Amino acid sequence: MLSFMRALAIVEGISYLLLFGFSMPLKYWANIREPNIYIGYVHGGLFIAFIILAFVFCRQQGWGMKRNLKFFLASLLPYGTFYMDKKYLAPLVSEKK
């Protein structure tokens, strides 16, 4: 589950950056709406999956609601999921080895 959580955090973060850095400028500056629709749907699904999996993962690890809230807030910020991966998830990989 750890590797899936890490992969989802990275993919969700990339979709967030694509949404803000690629499709939204196309939508508002070039009036091309289609990429924003599809990237928005993908990002929305990944966001919901990340939130649900973060809740389940935090419960599985025995972490409290404070850390669960950190995962939620990180999902709202650009680069937030990358930070959470580096700070909380990557050290768990080292512990398991």
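Located above this text is the structure these notes cover.
**Things to note about the packing of aromatic side chains**
Then step 1. According to the stated counting rule, one finds seven aromatic pairs in the structure shown.
Then step 2. Here Phe57 and Trp63 contribute two aromatic rings whose centre-to-centre distance is 5.7 Å and whose plane-to-plane angle is 80 degrees, an arrangement assigned as edge-to-face. Both residues of the pair, Phe57 and Trp63, belong to the buried class.
Then step 3. Taking the centre distance of 6.1 Å and the plane angle of 45 degrees together, the rings of Tyr79 and Phe82 count as tilted.
Then step 4. Following the ring pairs from residue to residue traces out a cluster consisting of Phe50, Phe57, Trp63, Phe71 and Tyr88.
Then step 5. Lying across the ring of Trp63, Arg67 places its NZ or CZ 4.4 Å from the centre.

**What to know about the pattern of salt bridges**
Then step 1. Counted by the stated rule, this structure contains one salt bridge.
Then step 2. Two residues, Asp85 and Arg6, come together in a salt bridge whose shortest N-O distance is 2.7 Å. Of the two residues, Asp85 sits in helix α4 (residues 80-96) while Arg6 sits in helix α1 (residues 2-29), which places them 79 residues apart along the sequence.
Then step 3. Residue classification places Arg6 among the partly exposed residues on the basis of a relative accessible area of 25%.

**As for helix α3 (residues 65-76)**
Then step 1. Over its twelve residues, α3 extends 17 Å from the first C-alpha to the last, a length consistent with the 16 Å expected when each residue adds 1.5 Å.
Then step 2. Every buried residue belonging to α3 is among Asn68, Phe71, Ala74 and Ser75, and all of these are buried. Seen along its axis, α3 keeps its buried residues to an arc of 120 degrees; they face one direction. Structural note: α3 exposes Met65 and Lys66 on the side pointing more than 90 degrees away from its buried face.

**What to know about the environment of Gly80**
Then step 1. In this fold, Gly80 is placed in helix α4.
Then step 2. Once the C-alpha coordinates of Gly80 and Phe22 are considered, the two residues, 58 residues apart in sequence, prove to be 18 Å apart.

**Points about the environment of Tyr38**
Then step 1. By the element assignment, Tyr38 lies in helix α2 (residues 34-61).
Then step 2. Judged by its relative accessible area of 57%, Tyr38 is exposed.

**Focus: the nonpolar core**
Then step 1. Of all hydrophobic cores here, the largest spans 17 residues; its most connected members are Met5, Phe50, Phe57, Trp63, Phe71 and Leu89.
Then step 2. No other element matches α2, which puts six residues into this core.
Then step 3. With residues up to four places along the chain from it excluded, the contact list for Phe71 reads Met5, Phe50, Ala54, Cys58, Trp63, Met84, Tyr88 and Leu89.

Scoring rules and cut-offs
Residues numbered from 1 in each chain as written. Predicted model: local features only at pLDDT ≥ 70, side-chain atom pairs only at ≥ 80, totals over all residues. Heavy atoms only, no water. Phe/Tyr/Trp six-rings, centres within 6.5 Å; stacked < 30°, edge-to-face > 60°. Buried < 20%, exposed > 50% of the residue type's maximum accessible area, 1.4 Å probe, protein only. Lys NZ or Arg CZ within 6 Å of the ring centre and 35° of its normal. Salt bridge = Lys/Arg side-chain N within 4 Å of Asp/Glu carboxyl O. Helix = DSSP H or I, 4+ residues; strand = E, 2+ residues; numbered from the N terminus. Expected span 1.5 Å × (residues − 1). Arc of directions from axis to C-beta. Core = buried A, V, L, I, M, F, W, Y, C linked by side-chain atoms within 4.5 Å. Contact = heavy atoms within 4.5 Å.

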